[in-house]
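Chains, contacts and geometry: an overview
Here is what each chain is made of, one letter per residue.
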Amino acid sequence: MDCQVGVVNCDPANISSATEAGSEDDLYYDDFLRNSRFIIQRILIPIVCILGIIVNSLTILVFSQRRLRTSTNIYLRALAAFDLIYLTSVFALSFYRYNYHHPYFLYYQPYGLFITDFASNTSVWLTAAFTIERFFVVSNPMKILKYASTQVAQRIVVLVAAVCFVCTLSTVFENRVVHVHSNTTNATTLELHPTALGSNQIYMRFISTFSAIFFVLIPFVTIATLNCFLVKSIRLARNIREHLSPAHVASEIRTTFILVVVVVMFLVCQGPTATIMIVSLFVQLDNSLYRGINNIFNLLVAINACSNFFLYVGLSVKFRQTFLGLLFSRINAKLLPRSFRDQHEAGRRKSYGAGGALTNGGHHHAGAGTYQGGPHGCHRTEQSCLTEAETSF
C-alpha cells in the first residue's frame, strides 16, 4: 500500500516508535493532570480559599470605616468583595474532586463556574478602574474632585459589575445535568453534559476570543501601561502641587506606591493565566497538559485574591492602625504584645482630635481642611478635596 503524501519515512518501525512516544507523552500528561488535581485542588486550594475568605472579610470591614471612606478605597473594598465571592465559589467547586461529594453537587457546577468567572472578570476590571483613576488623579491634581469622588467610584463599581455579569451570563447555559441509565448495572447516574450552546463550535470560538480580548488583553495592557506611567506622572505633577504641604505630597506618593505594588502583584499572579488564554487561541495544546497547567495558574489567581490584605497591612499605616483599632475593640488589649498596643495607642492619639472628632488622615487641619462629617468629611473647596482624596491610606 502506498504511503500517505507528506510522510517522508514510512518504515513501520519508525511509525511504531512515534506512536509509542506519543502514548508516553499522553501518559505523562495524564499523570501530570492527576497529580495537579490532587495537590492543588484537594490540598492547596481549600487552604488558600479559607485564608482568603477570612482576610477579605477583614478587608471589607476595615474599608467600611468612615475614616477610610475615599474613592480609591471604594474600589479596593469592592475588589475585596468580589475576591471573597471568587474564593468562596472556587472553594465550593473544589469539593468536586473529593469522592464523597453529593451527586446533586453537579447541579451547582454550571452556576459555580458562572459565579467564579463573573467575580474574577469583575476583579480584573476593578483593578483597571482604580489604576485609571489614580493615573488621572496624579496627572491632573487640580481636577481631583471630578475624577476621585466617592459617588463616581460607586457608580463605576456598579457599572463594571453589571457589564461583567451580562458578558459572563452565557456560561450558565453551556452545560446541563442529565440522568444516564446504565444497562449493565441497572443504575442511573448524574453527568454533566454540554448543551447545544456549549457544543456549538462557533459560539465557543467566539466566547473564547471575546473573553481573551475583553477580559484579558484590554485590561492587562491598560493596567501595565498606566502602572509604568504612574511614577513618572507623580514627578511631572510636582510643579503643579507646589502650593500643597509636603505632607499632602508624601501622602499621595505613598498611596500611589501601595496601588503600584497591588497592581504588580496582580500582574505576576494573573499574567500566566492571561498568557495561556491568549496562546490557546492560536496553539492547540494537549488537553491534559492544558488543564494541568491551568490548575497551577488558577492557584496563582487564588493567591492573588487573598494577598491584598497582607499588602495593605504591611504598607499602609492608616489601614494597619484602623485594623488594630477594630481588633482592640473586640479583644482585651492585655492579650496582645506590647508593640501592638503601643502602635495602636499612637495611632489613636493621631487619629482623634479634641472632643473625639475623627480627623482626616490622622492630622489636624485648619480652615478648609477641617473634618466636618458627612459622606465626604470636608468643605467643598479645592484644597480640602485634595486632602480627602490624597489620604486614602
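Model, not experiment: these values are computed from the prediction.

What counts and how
- Along each chain, residues carry numbers from 1 onward, in the same order as the chain's sequence is written.
- Reporting of local features is limited, given that this is a predicted model, to residues whose pLDDT is at least 70; pairs of side-chain atoms are given and counted only at 80 or more, and all residues count toward the totals for whole chains, interfaces and linings.
- Side-chain metrics in this entry use all non-hydrogen atoms of the structure; hydrogen atoms and water are not considered.
- To qualify as a helix, a DSSP run of H or I must reach at least 4 residues; to qualify as a strand, a run of E must reach at least 2; elements of each kind are numbered from the N terminus.
- Burial classes: relative accessible area under 20% of the type maximum marks a residue as buried, over 50% as exposed, and values in between as partly exposed (1.4 Å probe, protein chains only).
- For the accessible areas, the method is Shrake-Rupley and the probe is 1.4 Å, while residue cover comes only from the protein chains on display.
- To estimate the expected span of a helix, count its residues, drop one, and scale the result by 1.5 Å.
- Ring pairs shown here join Phe, Tyr and Trp side chains whose ring centres sit within 6.5 Å, with only the six-membered ring taken for Trp; geometry is labelled stacked below 30 degrees between planes, edge-to-face above 60, and tilted in between.
- Working definition of a nonpolar core: buried Ala, Val, Leu, Ile, Met, Phe, Trp, Tyr and Cys residues. They are joined through side-chain atoms within 4.5 Å.
- The pocket and cavity definitions rest on a 1 Å grid over protein atoms only: a 1.4 Å probe that fits but cannot leave marks a cavity, an open set with protein on both sides within 12 Å along at least five of seven lines marks a pocket, and residues lining either have an atom within 4 Å of a point.
- Grid points are joined across faces, edges and corners, and a volume is the space filled by probe spheres set on the points.
- Paired strands, in this sense, are two strands between which DSSP finds at least two bridges.
- Any two residues whose heavy atoms approach within 4.5 Å at even a single point are treated as in contact.
- Within this document, salt bridges are pairs made up of a side-chain nitrogen of Lys or Arg and a carboxyl oxygen of Asp or Glu, the two lying within 4 Å of each other.

As a further point, take the overall build of the protein. Helix and strand counts for the protein stand at 12 helices and 2 strands. When the 393 residues of the protein are sorted by exposure, 43% land in the buried category. About 20,700 Å² of surface is accessible on the protein, with carbon and sulfur atoms providing 64% of the total.

For the rest of this paragraph, the subject is the environment of I258. By the element assignment, I258 lies in helix α8 (residues 246-279). For the pair I258 and S316, spaced 58 residues apart in sequence, the C-alpha to C-alpha distance is 7.4 Å.

Over its 31 residues, helix α3 (residues 109-139) runs 45 Å from end to end, which matches the ideal 45 Å to within 8%, given 1.5 Å per residue. Among the 31 residues in α3, 24 count as buried, and that is most of the element.

By convention here, two paired aromatic rings are described through the distance between centres and the angle between planes. Following the criterion strictly, the structure yields 18 aromatic pairs and no others. The interplanar angle of 90 degrees and the centroid separation of 5.6 Å between the aromatic rings of F118 and F165 together place this pair among those described as edge-to-face. Of this pair, F118 sits in helix α3 while F165 sits in helix α5 (residues 150-168); the two residues are 47 residues apart in sequence, bridging distant segments of the chain. An aromatic cluster of at least three residues, connected via ring pairs, comprises F63, F309, F310, Y312, F319 and F323.

So, about the nonpolar core. Among the nonpolar cores identified, the biggest contains 55 residues, and I45, Y86, L87, F130 and Y312 are the most heavily contacted of them. The set of elements that each furnish at least two residues to this core consists of α1 (12-63), α2 (71-94), α3, α5, α7 (201-237), α8, α9 (287-315) and α10 (317-328).

Any empty space left between the atoms is revealed when a probe the size of a water molecule rolls over them. One pass over the structure, following the stated rule, counts 3 cavities of 30 Å³ or more. Forming the walls of the largest cavity are 13 residues, and the residues nearest its centre are D83, S123, F266, Q270 and N304.

Alignment of strand β1 (residues 175-182) against strand β2 (residues 187-194), held across 8 bridges, turns out to be antiparallel. Residue H181 lies in a different strand from β2, and its bridge partner there is T188. Adjacent in sequence and paired antiparallel, β1 and β2 are bridged by 4 residues, among which N186 carries a positive phi angle near 55 degrees.

With that settled, consider the side chain of T116. Position of T116 relative to the elements: it lies in helix α3. Its relative accessible area of 10% is what places T116 among the buried residues. Apart from residues no more than four positions distant in its own chain, T116 is found in contact with Y86, S89, V90 and L93.

As enumerated under the stated definition, the model contains 1 salt bridge in all. Among the ionic pairs, D31 bridges to R34, the shortest N-O distance being 2.2 Å. Of this pair, D31 and R34 are both found in helix α1, 3 residues apart, which corresponds to roughly one turn of the helix.

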